[in-house]
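Secondary and tertiary structure notes
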Amino acid sequence: QLQVVESGGGLVQPGGSLRLSCAVSGFTLENVAIGWFRQAPGKEREWVSCISSSDPRTNYASSVKGRFTVSRDNAENTMYLQMNSLKPEDTAVYYCAADKAGVACSYYSPGNRDYEYDSWGQGTQVTISS
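Computed from a prediction, not measured in an experiment: that's the story for all the values here.

What counts as what
Residues numbered from 1 in each chain as written. Predicted model: local features only at pLDDT ≥ 70, side-chain atom pairs only at ≥ 80, totals over all residues. Heavy atoms only, no water. Buried < 20%, exposed > 50% of the residue type's maximum accessible area, 1.4 Å probe, protein only. Helix = DSSP H or I, 4+ residues; strand = E, 2+ residues; numbered from the N terminus. Pairing = 2+ DSSP bridges. Polar contact = N/O pair within 3.5 Å; in protein donor to acceptor, adjacent residues only side chain to side chain. Core = buried A, V, L, I, M, F, W, Y, C linked by side-chain atoms within 4.5 Å.

Attention now goes to the pairing of strand β9 (residues 92-99). Regular strands show a simple pattern: their side chains alternate between the two faces of the sheet. With seven of its eight residues buried, β9 lies for the most part within the structure. Judged from the seven bridges that link them, strand β4 (residues 33-39) and β9 form a sheet pairing that is antiparallel. Looking at the pairing, Phe37 lines up with Tyr95 of β9. As defined by bridge partners, β9 adjoins strand β11 (residues 124-128) across three bridges and the pair is classed as antiparallel. Of the residues in β11, the one forming a bridge with Ala92 is Val126. One ladder, built from two bridges, connects β9 with strand β10 (residues 119-120); its direction is antiparallel. By the bridge assignment for β10, Ala97 is matched with Trp120.

Moving on: the side chain of Ser49. By the secondary structure assignment, Ser49 is in strand β5 (residues 46-51). Given the relative accessible area of 0%, Ser49 is considered buried. Of the polar contacts made by the side chain of Ser49, one reaches the backbone oxygen of Asn59; its length is 2.9 Å.

To continue, consider the nonpolar core. Ile34, Trp36, Phe68, Met79, Leu81, Met83 and Tyr94 are the most contacted members of the largest nonpolar core, which has 36 residues in total. Residue assignment for this core shows that the elements contributing at least two residues are β3 (18-25), β4, β5, β7 (68-73), β8 (78-83), β9 and β11. If one sorts the elements of this core by residue count, β9 sits on top with five residues.

Remember that the coordinates give geometry; whether it matters functionally is a separate question.
In structure tokens form, the structure reads like this:
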């Protein structure tokens, strides 16, 4: 089965950086589309970014565009979310989600809805605080 595990969360000061990892098993990453979501306490889950199975097609939420960068290392079956210039409002649990069909984040599927994805990680906490 397709499994996803994210890591790399932590506590960072405003303006700092974090790099989240999303490791995929049970399927090769090159055939999988990946979405990143986050959920802050008391708020709905929010789409952050996605990367298609046909790299380098990517999409970003307006709130993170220019600060976050999504990339993939197919040899390592790992996708990364580089987060720079972090703000307190970025504080949330971040989730990696995989679409084994490899359609999400493409011309045919925008990649910003949770139902586009098959498998979800457990989440990693990102806290931005002074």
